[in-house]
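Analysis of the macromolecular model
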Amino acid sequence: MEIIKKIFEDKFAKAAFIILAIMYVIILFADFIAPYSNMYSNRTMSYAPPSKVYTIDENGKWSLPYTYNYIREYEPVLMQTVFKQDRSKKYYIKLFPKAEEYKFFGLFKTQRHLFGVENGGELYLLGTDINGRDVFSRLLFGGRISMTVGFLALLIVFPIGLIYGGISGYFGGIVDTMMMRFAEAVMAVPSFYLLIILAAILPAGMTSVERFALIVVILALIGWAGFARVVRGMVLSIKNEDFVLAEKTIGASNLRIILKHILPQTTSYVIIAMTLSVPSYILAESGLSFLGLGIQQPDASWGNMLKEAQEFTNILYRPWLLTPGGLIFIAVLAFNVLGDVIRDILDPKSRKRV
């Protein structure tokens, strides 16, 4: 595909594309890659630090990767809980071990995971949270929500925006005036505050799946107006083209002209807008979950995982809890870089990249 070829000619866009592809592949196979399930919890290991993986044994020789379990103790001098390694037994890291059962792509049950440790061992690559849940595993499962919410919202935003903007621009006159005034009224509503209000009034007994679906709808219903306004401007410039006038001459219906001949001319802008819109939805969902109004525990999203890192003591002594924030930053930056390059490729009026 020509667009993909041009993306790979730009080193920054190539890096962004590869990063996003890796992230989506990882969350797609999260059940297989994660050593623990989304609901795994070991409260005796609350706030355990990342497991140390060794490849050199006590004799200074190369060894298969192994780790030690942690022992939780109270340190009276420091007056705090500390974790010490139990060096009485090594636990070797294995490929494709049997662990917690899950459904692979929801099709069949299996206990095989990409990696893990021997029975009785514990492996926390990025430590644990306050409930003793493996942060690394929850990052993978949380990414499924944080990285897909934008695309699901776009499935609602773009059809509404395309049709609404297309009708407004094509018919013009009083129809255009009324439709655009309504769109401007929607755009005037402070979106983030509206999200907070709507998310706060959602019933408390809703499951995370239901809450996630409603958040997607809420994000979509406040995001279509700006897109519709731009589409309307493009349609105004397209509707007087010769091919549109020719369709009118042969008696084509207005709906056919809009759907078959005018809206397809906006394809380049739609692709650009979709790529650049995803980061805003990722940030919106993360912000809501961070405030406790989005995805609820025990289900994971990068936003509600990051909420735990807002405490000053956690930032100082448990920096692994900041990992979700780093992933949000990387994902948003990658989408913006990729969208910027796609815009330069598809929009002949945009500046050329140096």
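1. Description of the overall build of the protein chain
In terms of regular secondary structure, the protein chain is built from 15 helices and 6 strands. In terms of principal-axis extent, the alpha carbons of the protein chain reach across some 85 × 45 × 45 Å. Counting all 354 residues of the protein chain, 44% fall into the buried class. Sequence separation of at least 24 residues holds for 67% of the intrachain contacts in the protein chain that already meet a minimum separation of 6. Total accessible area on the protein chain is roughly 19,000 Å²; 65% of this is exposed by carbon and sulfur atoms. For the protein chain, the separation between the mean place of its 35 positive charges and that of its 28 negative charges on side chains is 2 Å.

2. Let's talk about the side chain of S137
Considering the arrangement of structural elements, one finds S137 in helix 4 (residues 135-146). A distance of 3.2 Å separates a polar side-chain atom of S137 from the backbone nitrogen of Y36. Beyond its immediate stretch of four places on either side in the chain, S137 contacts A34, P35 and Y36.

3. Notes on the nonpolar core
M147, W224 and W302 are the most contacted members of the largest nonpolar core, which totals 67 residues. Looking at this core element by element, the count peaks at 9 residues for helix 15 (residues 323-346). Setting aside its immediate chain neighbours within four residues, W302 contacts M23, L139, G142, G143, S146, M147, P324, L327, I328 and A331. Listed in part, the 17 residues of the second largest apolar core include A48, Y91, F115 and Y124.

4. Considering the packing of aromatic side chains
Summed over all chains, the structure comprises 18 aromatic pairs. The ring centre of Y47 lies 3.9 Å from the NZ or CZ of R318, which sits over that ring.

5. Structural notes on the environment of L152
Counting through the fold element by element, L152 comes out in helix 5 (residues 149-171). For the pair L152 and A220, spaced 68 residues apart in the sequence, the C-alpha separation amounts to 8.7 Å. Apart from the residues lying within four places of it in its own chain, the contact partners of L152 are F212 and V216.

6. Points about helix 8 (residues 208-221)
Because an α-helix completes one turn every 3.6 residues, residues spaced three or four positions apart along the sequence face the same direction. Relative to the 20 Å expected for 14 residues at 1.5 Å per residue, helix 8 spans 20 Å between its end C-alpha atoms, a close match to the ideal helical length. All buried positions along helix 8 are accounted for by S208, R211, F212, I215, V216, I218, L219 and A220.

Rules of the game
- Sequence positions are assigned chain by chain, starting from 1 and proceeding in written order.
- Local features in a predicted model are, by the rule used here, given only for residues with pLDDT of at least 70; side-chain atom pairs are given and counted only at 80 or more, and totals for whole chains, interfaces and linings are based on all residues.
- Side-chain measures here rest on the full set of heavy atoms in the structure, leaving out hydrogens and waters.
- Here a helix means four or more residues in a row that DSSP labels H or I, a strand means two or more in a row labelled E, and each is numbered from the N terminus.
- The classification of residues rests on relative accessible area computed with a 1.4 Å probe and restricted to protein chains. Under 20% of the type maximum is buried, over 50% is exposed, and intermediate values are partly exposed.
- Only heavy atoms enter the contact rule, under which two residues are in contact if any of them lie within 4.5 Å.
- Computed with a 1.4 Å probe, the accessible areas rest on the Shrake-Rupley method; for each residue, only the protein chains presented here act as cover.
- By the counting rule applied here, Lys and Arg register as positive and Asp and Glu as negative, while His and the ends of each chain are not counted.
- One atom stands in for each charge, and that atom is NZ of Lys, CZ of Arg, CG of Asp or CD of Glu.
- As used in this structure description, the phrase polar contact means that two N or O atoms lie within 3.5 Å; if the pair is within protein, one of them must be able to donate a hydrogen and the other to accept it, and residues adjacent in sequence are counted only when both atoms belong to side chains.
- Here, nonpolar core means buried Ala, Val, Leu, Ile, Met, Phe, Trp, Tyr and Cys residues that are tied together by side-chain atoms lying within 4.5 Å of each other.
- Under the pairing criterion, centres of Phe, Tyr and Trp rings, with the six-membered ring standing for Trp, must be within 6.5 Å; the plane angle then separates stacked pairs below 30 degrees from edge-to-face pairs above 60, leaving the rest tilted.
- A ring has a charge above it when a Lys NZ or an Arg CZ is no more than 6 Å from the ring centre and no more than 35 degrees off the ring normal.
- In this analysis, the expected span of each helix is defined as 1.5 Å times one less than the number of residues it contains.

So, to be careful, I would describe these as geometric facts and stop short of saying anything about function.
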